[in-house]
Amino acid sequence: VVKVRQESGQFTHYGVGVWRGLRGIVAAERVRGLFKGGTATVLRDAPFSGIYLALYEKTRNWLQHIAADGSGGAGSVSGSGGFTSPLTIAPRPLINFSAGLFAGVLATVVTHPPDTVKTAVQLNASRQAMSYREAVGSIYRRGGVAAFFSGLAPRAGRRAAMAAITWTAYE
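Nothing here was measured: the structure is a model prediction, and the numbers come from that model.

Rules of the game
Residues numbered from 1 in each chain as written. Predicted model: local features only at pLDDT ≥ 70, side-chain atom pairs only at ≥ 80, totals over all residues. Heavy atoms only, no water. Phe/Tyr/Trp six-rings, centres within 6.5 Å; stacked < 30°, edge-to-face > 60°. Helix = DSSP H or I, 4+ residues; strand = E, 2+ residues; numbered from the N terminus. Buried < 20%, exposed > 50% of the residue type's maximum accessible area, 1.4 Å probe, protein only. Contact = heavy atoms within 4.5 Å. Core = buried A, V, L, I, M, F, W, Y, C linked by side-chain atoms within 4.5 Å. Expected span 1.5 Å × (residues − 1). Salt bridge = Lys/Arg side-chain N within 4 Å of Asp/Glu carboxyl O. pLDDT = per-residue confidence, 0-100.

Turning our eyes to something else, we now look at the packing of aromatic side chains. Taken as a whole, this structure holds four aromatic pairs when the rule is applied. Taking 5.3 Å as the distance between ring centres and 20 degrees as the angle between the ring planes, the aromatic pair formed by phenylalanine 48 and tyrosine 52 counts as stacked. Note that phenylalanine 48 and tyrosine 52 are positioned in helix H3 (residues 38-69) at a spacing of four residues, about one turn of the helix. For the pair phenylalanine 48 and tyrosine 52, one class covers both residues: buried. Taking the centre distance of 5.6 Å and the plane angle of 80 degrees together, the rings of tryptophan 167 and tyrosine 170 count as edge-to-face. Taken together, the residues span about one helical turn, with tryptophan 167 and tyrosine 170 both in helix H6 (residues 152-170) at a distance of three residues.

Let us now look at the side chain of arginine 155. The topology assignment puts arginine 155 in helix H6. By relative accessible area, arginine 155 is classed as buried at 6%. Leave out the neighbours within four places in its chain, and arginine 155 touches Arg44, Thr108, Thr111, His112 and Asp115.

A word on the nonpolar core. Counting residues in each nonpolar core, the largest one holds eleven residues, listed as Phe48, Tyr52, Tyr56, Leu63, Ala67, Ile95, Ala99, Ala103, Ala107, Ala163 and Trp167. Of all elements in the fold, only H3, helix H4 (92-123) and H6 reach the threshold of two or more residues within this core. Element by element, the count of residues in this core is highest for H3, at five residues. Ignoring any residue separated from it by four or fewer positions in sequence, one finds alanine 103 in contact with Tyr52, Leu55 and Tyr56. Ranked by size, the runner-up nonpolar core spans six residues in total, among them Val117, Ala135, Ile139 and Phe148.

Turning to H6, a few remarks are in order. Here H6 is 19 residues long and its end C-alpha atoms lie 26 Å apart, about the 27 Å a rise of 1.5 Å per residue gives. Of the surrounding secondary structure, the elements contacted by the buried residues of H6 are H3 and H4.

Moving on, we get to unusual backbone geometry. With the exception of glycine, most residues fall at negative phi, and the peptide bonds are largely trans. At arginine 30, a residue that is not glycine, the phi angle is positive and equals roughly 70 degrees. Within the secondary structure layout, arginine 30 lies in the loop between helix H2 (18-29) and H3. When its relative accessible area of 52% is taken as the criterion, arginine 30 is described as exposed.

Turning our eyes to something else, we now look at the pattern of salt bridges. It is possible for side chains of opposite charge to pair when their charged atoms get near one another. As enumerated under the stated definition, the model contains seven salt bridges in all. Each of Arg44, Asp45, Asp115, Lys118 and Arg155 takes part in salt bridges that share partners, so that together they form one network.

The next thing to look at is the confidence of the model for the protein. Residues of the protein with pLDDT of at least 70 account for 84%, and the chain-wide mean is 83. Taken element by element, the protein is modelled with least confidence in helix H1 (residues 2-8), mean pLDDT 76, and with most confidence in helix H5 (residues 132-143), mean pLDDT 93. Segment residues 75-81 is flagged for pLDDT under 50; beyond a separation of four residues in sequence, or across chains, it makes seven contacts in the model.

Right, dumping it as structure tokens:
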């Protein structure tokens, strides 16, 4: 909650810094204010992890298969005098990086609407918690379905880069 509010710039009266943010939230909303959006976070993170891991594995296996047989995928020509995929010379870290990047982007796109709802709940600074239904309604009224994808590009870029680097280092 502190991170979301400080990034939004709407809560400058708390001051800058984690401790000031914590104290400001607790003073205004009690300790409960620190846990706003917890359910929405789980509803975003659980599907993200499942989608992300499944896509990473499938994509990595597909890229490794292409690299192993030298084909460029469906419809490519290989053999003497034919086209050979650049993946035949791709090192394993490049395959892992590419698979992580792809999986990170797709999983982020699918789970971005719940992240938008979580952020709306966390930005509500009143002592009475905003319900998820109220957050969804408020977002929809603000810009229709497109409003649920507001901020997607920076989030997808950050999450995809993180995923690509993590899998490259891990594998």
